[in-house]
Structure formats: C-alpha cells, structure tokens
Amino acid sequence: MKFAVLASGNGSNFEVLARSVRSGSIPAELALLLSDKKNAYVRQRARNLQIPEQWLNPQDFPDRRAYDQALKEILTREGIDFVALAGYMRILSAEFVRSYPNKIMNIHPALLPSFPGTDSLYRAYRHGCKVTGVTVHFVDEQVDHGPIILQQPLLITPGMTYEELETRVHEIEHQLYPHAVRLYAAGKLLVKKNHVEIAE
Ligand code: GAR
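Let me sum up the structure you'll find in this document.

Parameters at a glance
- Residues numbered from 1 in each chain as written.
- Predicted model: local features only at pLDDT ≥ 70, side-chain atom pairs only at ≥ 80, totals over all residues.
- Heavy atoms only, no water.
- Core = buried A, V, L, I, M, F, W, Y, C linked by side-chain atoms within 4.5 Å.
- Buried < 20%, exposed > 50% of the residue type's maximum accessible area, 1.4 Å probe, protein only.
- Helix = DSSP H or I, 4+ residues; strand = E, 2+ residues; numbered from the N terminus.
- Phe/Tyr/Trp six-rings, centres within 6.5 Å; stacked < 30°, edge-to-face > 60°.
- Pairing = 2+ DSSP bridges.
- Axes fitted to C-alpha atoms, helices over the stretch in contact; angles between N-to-C directions.
- Contact = heavy atoms within 4.5 Å.
- Polar contact = N/O pair within 3.5 Å; in protein donor to acceptor, adjacent residues only side chain to side chain.
- Near = heavy atom within 4 Å.
- Areas by Shrake-Rupley, 256 points an atom, 1.4 Å probe, with all protein chains shown as cover.
- Nonpolar A, V, L, I, M, F, W, Y, C, P; charged D, E, K, R; others polar.
- Salt bridge = Lys/Arg side-chain N within 4 Å of Asp/Glu carboxyl O.
- Arc of directions from axis to C-beta.

### With respect to the nonpolar core
Soluble globular proteins tend to bury their nonpolar side chains together. Within the largest apolar cluster, 44 residues are counted, with the highest numbers of intra-cluster contacts made by Phe3, Val5, Phe14, Met105, Ile149 and Tyr177. Looking at which element gives the most residues to this core, the answer is helix α6 (residues 162–185), with 10 residues.

So this is what it looks like as structure tokens:
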C-alpha cells in the first residue's frame, strides 16, 4: 500500500505515522506529504524525515473543486490510493471524497458524532464534559463524519487544565492513528453499511 498524508499544521500525527512506517509497524509506503499551508511545520518534519512533500497553494485555484482535482492528479500520478488526513483543516470536495470511497482516513480530537469541526477539544472542555476522546474514521462527504474505525475515551478529571487535556489527547492520537492505518494496510478493516468490522 502506498499512501499520502494531507496536513495543515504542526504535524505530530504525520510524524508518528512516518516513524511507524519506517520501523515496519505499518506495512506500507508513505510516499508523500501534501499541505495547503506554506509555513506549516509539518513540511519541515517531512523534509527532516526525507519524505517527499509538496505545498499546493489554494490561492492558485478558482475554487475547492479545482484545488481537489489538482490534489487528485498528484495522487494518481504517484500511484497513491489511500489518504490519511492529519490535522488537514480544509474541507474536501464531494467529488474528491467520492473518488476514494473508504480510502480516506481522518483523526479527530473528540468522540464523534459529538463536537465535529474546529476547536473541538476546547469546546468539549468549556462545555464541562466529563469525558472526551479521540476518533479515527473513514471520511464521507460531511465534515468529521463517516464510518468509525477506532475510538478511545478520556476522562476529564476535576482540576485538569486544558493544557493537560491536550497533552493526553495527543498521546492517545499517537497510539490510535498508527494502529488504525496498520489495520487498514493489513487489510483488516471491512466496512459494512457504515459500520467498520475489524478482523484482528
Ligand atoms: C490533531 O489533534 C487532530 O486530531 C486534529 O488536528 C490536530 C493535528 O495535530 N484534527 C482535526 O481537528 C480534524 N477536524 P498535529 O498537526 O500535531 O498532528
């Protein structure tokens, strides 16, 4: 399996995926990092790890559809048919998502379907939730939506600061995302009517 990561920011999830590939614990090739943000730190991480990376500037395209068409052309040219979103903060066009049915994965810092969208963790914390967590799911045409692959809950204990919560969420993400991609690469995820069965 040859896959690409799409990311817009810091890239800690990208890096754990890359390191899992390198150590052999994900049986796949991470062929490319694509970013919509010129100065995203994730691009530096890719260069440090000597993984090909490319910035695709949204301002060079008239609309989302044209941008995603260019993305698709790059992925096709590179022979990539699986995509992992890792803090990719652009909404994908329906056409793009339809081209990769159950072949785009996303990680989200909440227990979906609660708190989709941006600032999810902060909104859960401010809301006074006693439990939150992390979701890895296949991507459908709605934002932060689609068949759920793995979820891990996390208690928000009394007195926990937002920073402590964020650290815990990242620790969980860094376990959960490589595990989900590993299962996919090993052919162990089966989607049946929006439910994901895992053949362990
Ligand atoms: C992660 O917490 C991920 O769950 C979140 O962006 C962060 C990226 O961190 N994704 C979303 O909110 C998607 N809606 P990273 O750049 O350090 O990997």
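Still more to cover.
### A look at the packing of aromatic side chains
Across all of its chains, the model carries seven aromatic pairs by this definition. A centroid spacing of 5.8 Å and a plane angle of 55° characterise the contact between Phe3 and Phe82, whose relative ring orientation is tilted. Taken together, the positions of Phe3 in strand β1 (residues 2–7) and Phe82 in strand β4 (residues 82–85) put the pair 79 residues apart, joining distant regions of the chain. Geometrically, the ring pair formed by Phe61 and Tyr67 is edge-to-face, given 5.4 Å between the ring centres and 85° between the ring planes. The class for Tyr67 is buried, based on a relative accessible area of 1%.

### Focus: the sheet that holds strand β5 (residues 104–108)
Taken together, the seven strands give an open sheet; going across it, the order is β3-β2-β1-β4-β5-β6-β7, and neighbouring strands pair in mixed fashion. Either end of the sheet is taken by a strand with one partner, and the two such strands are β3 (53–55) and β7 (148–155). Between one strand axis and the next, the sheet turns through 20° on average, direction left out of account. Contacting β1, β4, β5, β6 (131–138) and β7, α6 runs over the sheet at an angle of about 160° to β7.

### Re the side chain of Ser12
The topology assignment puts Ser12 in helix α1 (residues 12–22). A polar contact of 2.8 Å, which involves the side chain of Ser12, links it to the side chain of His174. If sequence neighbours within four positions are ignored, Ser12 has contacts with Arg45, His170 and His174.

### Concerning the site of the ligand
Around the ligand lies a shell formed by Asn10, Gly11, Ser12, Asn13, Gly87, Met89, Ile107, His108, Pro109, Asp144, His170 and Glu173. Residue Asn10 places a side-chain N or O atom 3.4 Å away from an oxygen atom belonging to the ligand. The protein chains hide 88% of the 450 Å² of surface that the ligand would expose on its own. When contributions to the shell around the ligand are tallied by element, the ones reaching two or more residues are α1, β5 and α6. Across the shell around the ligand, the residue classes break down as three nonpolar, seven polar and two charged.

### Re the pattern of salt bridges
Per the stated rule, a full pass over the model turns up 10 salt bridges. Between Glu53 and Arg43 there is a salt bridge, with the nearest N and O atoms lying 2.7 Å from each other. Here Arg43 lies in helix α2 (residues 41–48) and Glu53 lies in strand β3, a separation of 10 residues in the sequence. Note that Arg168 is salt-bridged to Glu171, the shortest N-O span being 2.7 Å. With a gap of three residues between them, Arg168 and Glu171 both fall in helix α6, about one helical turn apart. Via salt bridges that share partners, Glu15, Arg19 and Arg45 belong to a single interconnected network.

### Side note on helix α5 (residues 120–127)
Among the residues of α5, those classed as buried are Ser120, Leu121 and Ala124. Taken down its axis, α5 places every buried residue within 100° of arc, on the same side. Where the residues of α5 are buried, they touch β5, β6 and α6. Looking one or two residues past α5, Gly128 carries a phi angle of roughly 90°, positive in sign.

### Digging into the environment of His145
On the secondary structure map, His145 appears in the loop between β6 and β7. As for His145 and Pro113, which are separated by 32 residues in sequence, their C-alpha atoms are 7.2 Å apart. Residues contacting His145, with those up to four places away along its chain left out, are His137, Phe138, Val139 and Asp140.

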